[in-house]
Amino acid sequence: MSMKTNYVIFIALLSLASCQPSLHYPTDSDNSKNLNSLITLKLGIDTVYLQDFISNPNEIDSVTSSSNIMKCSVSADKMTAQLSVPENIETFVDLKLWVKGIPYSVPCRKTDKIDYTFIFNPHGKTYQHVQIAGQMNDWVPSLSPDLKLNTNGLYQVTLNISPGSYMYQLVLDTAQNADPNNPDKVDNGYGKFNSILQIAGNNDKYPKIYTDKFNNKTIKLLTLNDIKQVFIYWQNYLLPANFIDIDEGEIYFKIPIEAKKLRRSFIRVWAENDYGVSNDLLIPLENGEVLTRSSDLTREDKQTQIMYFALIDRFKDGDITNDHPLNRPDVNHKVDFWGGDLAGIKQEIDNNYFKNLGVNTIWISPVNQNPLDPWGYYAPMKTKFSGYHGYWPISSSKVDFRFGTNNELKSLVSDAHKNNINVLLDYVAHHVHIEHPFYKEHPGWTTPLHLPDGTLNTERWNDHRLTTWFDTFLPTLDLSNPKVVDMMTDSAMFWIKNFNLDGFRHDATKHITDQFWRELTLKIKKFNHGTSLYQIGETYGSPELISSYLTTGMLDGQFDFNVYDIANTTFAGVGGSNLQQVNTILNASLYTYGSHNLMGNISGNHDKPRFMAYASGDLKFGEDSKTAGWMRNIGITDSTAYDKLFLMHTFNMTIPGIPVIFYGDEIGLTGANDPDCRRMMVFDGWNNREKKLWNEVSTLTHLRAEHPVLVYGDLINIQNFAHSWIYARKYFGQTAIIIINNSSKIKHLETELPDFLNTDELNATFHNPFVIKKHKISITLQAYSAEILI
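Residues numbered from 1 in each chain as written. Predicted model: local features only at pLDDT ≥ 70, side-chain atom pairs only at ≥ 80, totals over all residues. Heavy atoms only, no water.

Some points on the overall build of the protein chain
Note the cut-off: By the criteria applied, helices consist of DSSP H or I runs no shorter than four residues and strands consist of E runs no shorter than two, each listed in order from the N terminus. In this description the radius of gyration comes from C-alpha coordinates, and the expected globular size is given by 2.2 Å times residues to the power 0.38. Each residue gets one of three labels from its accessible area relative to the maximum for its type: buried under 20%, exposed over 50%, partly exposed in between, using a 1.4 Å probe on protein chains only. Throughout, a residue-residue contact means that at least one pair of heavy atoms, one from each residue, lies within 4.5 Å. Accessible surface is estimated by sampling points in the Shrake-Rupley manner with a 1.4 Å probe; for residues, cover comes only from the protein chains shown. By the counting scheme adopted, Arg and Lys are positive, Glu and Asp are negative, and His together with the chain ends is not counted. A charged residue contributes its charge at one atom only: NZ of Lys, CZ of Arg, CG of Asp or CD of Glu.
Helix and strand counts for the protein chain stand at 15 helices and 41 strands. Over its C-alpha atoms the protein chain spans a radius of gyration of 26 Å, differing by no more than 12% from the 28 Å that the globule rule assigns to 790 residues. Taking the principal axes of the C-alpha coordinates as reference, the protein chain spans close to 90 × 70 × 65 Å. When the 790 residues of the protein chain are sorted by exposure, 59% land in the buried category. Considering only residue pairs separated by 6 or more positions, the protein chain has 71% of its internal contacts joining residues 24 or more positions apart. Carbon and sulfur atoms make up 51% of the accessible area of the protein chain, which totals about 30600 Å². Computed over 71 positive and 87 negative side-chain charges, the separation of the two mean positions in the protein chain equals 1 Å.

Concerning the environment of D674
Convention followed: Any N or O atom pair separated by 3.5 Å or less is treated as a polar contact, with the protein-specific requirement of one donor-capable and one acceptor-capable atom, and with residues adjacent in sequence counted only for side-chain atom pairs.
By the element assignment, D674 lies in the loop between strand 34 (658–662) and helix 14 (688–706). The exposure class assigned to D674 is buried, which follows from its relative accessible area of 19%. In this structure the C-alpha to C-alpha distance between D674 and K626, which are 48 residues apart in sequence, comes to 6.2 Å. A polar atom in the side chain of D674 sits 3.5 Å from the side chain of R678.

Points about the side chain of K220
With respect to the helices and strands, K220 occurs in strand 17 (residues 218–224). Of the residues examined, K220 reaches a relative accessible area of 14% and is grouped as buried. A polar contact is formed between the side chain of K220 and the side chain of E250, at a distance of 3.4 Å. Here K220 is in contact with T211, D212, K213, E250, I251, Y252 and F732, once residues within four sequence places are set aside.

Considering the pattern of salt bridges
For the record, the criterion: Whenever Lys or Arg places a side-chain nitrogen within 4 Å of a carboxyl oxygen from Asp or Glu, that contact is recorded as a salt bridge.
In the structure shown here, the tally under the stated rule is 40 salt bridges. The salt bridge involving K220 is made with D212; its shortest N-O contact spans 3.1 Å. Of the charged contacts in the structure, one is a salt bridge between R505 and D507, with a shortest N-O distance of 3.2 Å. Accessibility classification places R505 together with D507 in one group, the buried group. When salt bridges that share partners are traced, they join R263, R264, E286 and D301 into one network.

Considerations on the packing of aromatic side chains
The cut-off we apply is this: Any two of the Phe, Tyr and Trp rings considered here, Trp counted by its six-membered ring, make a pair once their centres fall within 6.5 Å; the pair's planes then place it as stacked at under 30 degrees, edge-to-face at over 60, or tilted in between. Note on geometry: a ring has a charge over it if NZ (lysine) or CZ (arginine) is within 6 Å of the ring centre and within 35 degrees of the ring normal.
The tally for this structure, following the rule as stated, stands at 45 aromatic pairs. Arranged with centres 5.9 Å apart and planes meeting at 75°, the rings of Y308 and F315 form a pair that is edge-to-face. For the residue pair Y308 and F315, the accessibility class agrees, reading buried in each case. For the pair F662 and Y663, a centre-to-centre distance of 4.9 Å together with 80° between the ring planes defines the contact as edge-to-face. Residue class for Y663 comes out buried when judged on its relative accessible area of 0%. Here a set of aromatic residues connected by ring pairs shows up, and it is made of Y308, F315, Y353, F354, F683, W686 and W694. The side chain of K254 reaches across the aromatic face of F243, ending 5.8 Å from its centre. When the ring centre of F683 is taken as reference, the NZ or CZ atom of K316 above it lies at 5.7 Å.

Examining the environment of L50
Within the fold, L50 resides in the loop between strand 2 (44–49) and strand 3 (60–65). Beyond its immediate chain neighbours, meaning those up to four positions away, L50 contacts P57, I60, V74, K78, M79, T80, A81 and L97.

Quick look at helix 13 (residues 640–654)
Helical geometry: 3.6 residues make up each α-helical turn, so side chains three or four residues apart lie on a common side. Put simply, the rule reads: Every helix has an expected span of 1.5 Å times one less than the residues it contains.
Taking 1.5 Å of rise per residue, the 15 residues of helix 13 would be expected to cover 21 Å, and the 22 Å separating its terminal C-alpha atoms lies within 8% of that figure. Counting buried positions over the 15 residues of helix 13 gives 14, a clear majority of the element.

Quick word on the sheet that holds strand 1 (residues 39–41)
The following threshold applies: One bridge is not enough; two strands pair if DSSP finds at least two bridges between them. Each axis is a line fitted through C-alpha atoms, taken for helices only over the stretch in contact, and angles between the N-to-C directions span 0 to 180 degrees.
The strand order 1-7-6-3 describes an open sheet built from four strands, whose pairing is mixed. Each edge of the open sheet carries a strand with a single partner, namely strand 1 and strand 3. Sheet twist, expressed as the average angle between the axes of neighbouring strands with direction ignored, equals 30°. By the bridge criterion, eight bridges tie strand 6 (residues 92–99) to strand 7 (residues 102–110) in an arrangement that is antiparallel. Paired with F92 across the strands is R109, a residue of strand 7.

What to know about the confidence of the model for the protein chain
The cut-off we apply is this: Scored between 0 and 100, pLDDT is the confidence that the predictor attaches to each residue.
Put simply, the protein chain has an average pLDDT of 95, and 98% of its residues get 70 or more. Predicted confidence for residues 1–12 stays below pLDDT 50, and this span has eight contacts to residues more than four positions away or in other chains.

Description of the environment of V140
Residue placement: V140 occurs in the loop between strand 9 (130–134) and strand 10 (148–149). The exposure class assigned to V140 is buried, which follows from its relative accessible area of 6%. A sequence separation of 270 residues divides V140 from K410, and the C-alpha atoms of the two residues are 43 Å apart. Filtering out sequence-adjacent residues up to four positions away, V140 remains in contact with N462 and D463.

Topic: the sheet that holds strand 5 (residues 80–85)
On the basis of which strands lie adjacent, the open sheet formed by three strands has the order 2-5-4 and antiparallel pairing. Strands with a single pairing partner mark the edges of an open sheet, and in this sheet they are strand 2 and strand 4 (71–74). Geometrically, the sheet is characterised by an average inter-axis angle of 20° between neighbouring strands, direction not taken into account. Both strand 2 and strand 5 contribute to a ladder of six bridges, which runs antiparallel. By the bridge assignment, Y49 is partnered in strand 5 with T80.

Considerations on helix 10 (residues 579–593)
If you check helix 10, its first and last C-alpha atoms are 21 Å apart, about what 15 residues at 1.5 Å a residue would give, namely 21 Å. Of all the residues in helix 10, the buried ones are L579, Q581, V582, N583, I585, L586, S589, L590, Y591 and Y593. Once helix 10 ends, the next one or two residues include G594, with phi positive near 110°.

Let's talk about the pairing of strand 17
With six of seven residues buried, strand 17 lies mostly within the body of the structure. Inspection of the sheet shows strand 16 (residues 208–214) paired to strand 17 by six bridges, in the antiparallel sense. Each residue of the ladder has a partner; that of Y210, found in strand 17, is L222. One ladder, built from five bridges, connects strand 17 with strand 21 (residues 250–254); its direction is antiparallel. Considered in strand 21, the bridge of T218 is made with K254.

See below:
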């Protein structure tokens, strides 16, 4: 760099630091209290729902954009904007929603979909129909064209699809199974395998941006790869060009003086070039200055959540007087009530179990009154089921007496808040039980039980996902009916208003209409002085389907089952998957949902086999995990499974998103699929391996809570092999380096570290000796172990 260039940069910095400019925009507007989510623009005509971003769309003056070639128009009722998106549009566009002369920005990114030709070699066989079913079409074969036989004797189809990894199966005439030609596959938990399709893109050419330095007025960023333009937002306001200076891969920008008026506000940054859009940065500000102290974070900071899922009936029996098992010969003990209740959860809050574990958010299963008698039938075991899980509501306002009372729920939430713990309620909006008064009074306000062809509309998860019934006694509510939407959103608000809850986990998200999510979120904002509460959904499907529910006007996040599925099999050591595949799918998720997303990274799930069952080898890869749980006792015959589960927790606690601990995974409970995965939580009599795992998980949670780099840090992949992985998080001068050995052997790992990482004063969390010299790290790890240098 020349002396002249140095002088120019010095003058620019001097100018940037000399004053703190004003945006001259309001700081108390409801339209800037919730960060406007990134929109992915599809080519052609795209629709933006203005209510997602503006509290009162009737006040919108106009809609404009930074692109000269994208046309914008607003509907007559001002509820939507129509965007005409040409193929040659810029990779990133700033959309402005003008309200009384104030421009509120919505960041937009051009779709990265490409035409990809998928080929299947039948090896001389012929089929009447060859179809693909997978995450690329939400497992509905009819949503993609059939594969056609070409002149070379191969079946092929062209898919318009984003680069990334997709699980899929092939439908050959009537048989649906994994692709016999593809060795990359994972267990689907139901006795079959899903193949993995990987589609390469230009991600390596996208810009990369990282936080570097700051003072009380100015922030400096570092960049890799060419940058054409940078977009920097404070709250929902785009910073003008005079706030920003760019020179030779470094970005300097001023913090607007308005930020001093808010205790918490955020800077967000994206950069673009001709290939695509960078990772995003999320920088929290405390009274206008960059936040670096964990003591400044509160449970209201959504990114800081560490969640724990307690299935009420299986967590702890704190009050034996409300124990009312059915005790019927036609109900197997595994699916009866076991006595867990709200009193048990409250006791553990008061006993500091969650505080000591490092959890600051508890998600509790549904509390609504469920039927008094059993329903459903599982023929192999000749059993009906009780409603111990809470997902068969017969009341919209009463706590099930077997769990406690409405007052006990209020007391639980109050105690949680005194301990700085959030409480999320599992809310069921999709269906009611046939004994619910709503169904008896309005049987026509549900979807049809039978399809036009006469077949039952039950368990049609994908091809009839918005109307399917889960069972013949669980009518699906017709949430395309505004009256039903209004009633069910009011029902959800009843729990928020009367129990001071901090948000929801939503059951069966993809089976519920967008209208419901928009109406509920709008009501929450109006009740909560313009600010949303955290809402996380449950959707099995493609990243495109999952992300369609993630906007400022709907949900904050969903459970990332796509990352979970590959991480679960990889760390458990089954199915041949490896850490390179985990990295690929993680990167695809971060691109889809954002580098600082609010997705849930789960250790397990009440609808999945326990991690320990696979990791110990007691549940076999490829077998029907539900049948296995009924037919035999799943134990832990290989204790290295505890070490493997520690690696899964390490991964979840150190990547972007919200870590979620399934109750019992902190000590290594085992079990096959539902209901075997829903065993009773154990609080005493732990063996040495269980104690060790609990202490390790507690160390990980507290590490995350005490170091903002693990919450807001930029993710940097350093070295990624099949059985080892080194990655880092960088947040200005704070660094965390995560090293994982996912093999059965001791590994000595060495690699160069990026020179922009601060490696001074790093400490080994788990006390493994390491050496860093001239930005080269050297460390030896035992089998199935990890280290975090921070």
